[in-house]
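Chains, contacts and geometry: an overview
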Amino acid sequence: QVQLVESGGGLVQAGGSLRISCAASGRTFSFSRYAMGWFRQAPGKEREFVAAISGNGGNTHYPDSVKGRFTISRDNGKNTVYLQMNSLKPEDTAVYYCAAVYTPYGSSWYDLSSTYDYWGQGTQVTVSP
């Protein structure tokens with residue numbers, strides 16, 4: 001089992017920045033063996049892919065809606081994945097979830113929510129106009 005705990009959400013004005021974190025833990029857990037992703041869900045909307053990173057941290061992927069504004073990174077020594085969000089817009093308001101999936105392929109990332117096995121509880125990000 002893998003436990004994921006997000007933190008760092010909050011209220012920010014449009015154009016501002018925020019960094020959210022996701023700390024992973026588990027028994028006999030090797031964080032670098034897990035590809036990680038960030039998803040978000042706004043009220044009344046479906047969960048949306050935001051960013052993904054491979055286990056070795058060498059590959060990342062973003063949808064067009066956040067490309068150039070958001071950056072995913074990871075520190076395998078701290079079992080933590082980050083999402084740096086810049087130039088935030090009101091439409092970025094949502095609950096942000098991190099997710100993990102075991103993979104033997106250290107350079108692979110995944111953008112489908114159904115691929116992921118473990119999810120955090122989410123952290124609220126609110127962007128005011």
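All of these numbers come straight from a predicted model, not from anything done at the bench.

Below, the discussion takes up the overall build of the protein. Within the protein, the regular secondary structure consists of zero helices and 11 strands. Put simply, the protein runs from its N terminus to its C terminus through helices and strands in the order β-β-β-β-β-β-β-β-β-β-β. Here the C-alpha atoms of the protein give a radius of gyration of 14 Å, agreeing with the 14 Å that 2.2 N^0.38 yields for 129 residues. Projected onto the principal axes, the alpha-carbon positions of the protein cover approximately 45 × 25 × 25 Å. A separation threshold of at least 6 residues defines the contact pool for the protein, and within that pool the share at least 24 residues apart is 61%. For the protein, the exposed surface amounts to about 6500 Å²; the carbon and sulfur share of it is 46%. Computed over 11 positive and 9 negative side-chain charges, the inter-centroid distance for the protein is 6 Å.

Now for the environment of Ser128. Take Ser128: it is sitting in strand β11 (residues 123-128). Ser128 sits in the partly exposed class, given a relative accessible area of 21%. When the C-alpha positions of Ser128 and Val12 are compared, they lie 6.3 Å apart, and in sequence the two are 116 residues distant. Contacts of Ser128, omitting those with residues within four sequence positions, involve Leu11, Val12, Gln13 and Ala14.

Definitions and cut-offs
- Residues numbered from 1 in each chain as written.
- Predicted model: local features only at pLDDT ≥ 70, side-chain atom pairs only at ≥ 80, totals over all residues.
- Heavy atoms only, no water.
- Helix = DSSP H or I, 4+ residues; strand = E, 2+ residues; numbered from the N terminus.
- Rg over C-alpha atoms; globule rule 2.2 N^0.38 Å.
- Contact = heavy atoms within 4.5 Å.
- Areas by Shrake-Rupley, 256 points an atom, 1.4 Å probe, with all protein chains shown as cover.
- Lys, Arg positive; Asp, Glu negative; His and termini not counted.
- Charge placed at Lys NZ, Arg CZ, Asp CG, Glu CD.
- Buried < 20%, exposed > 50% of the residue type's maximum accessible area, 1.4 Å probe, protein only.

Spatial relationships are all this shows, so hold off on functional conclusions.
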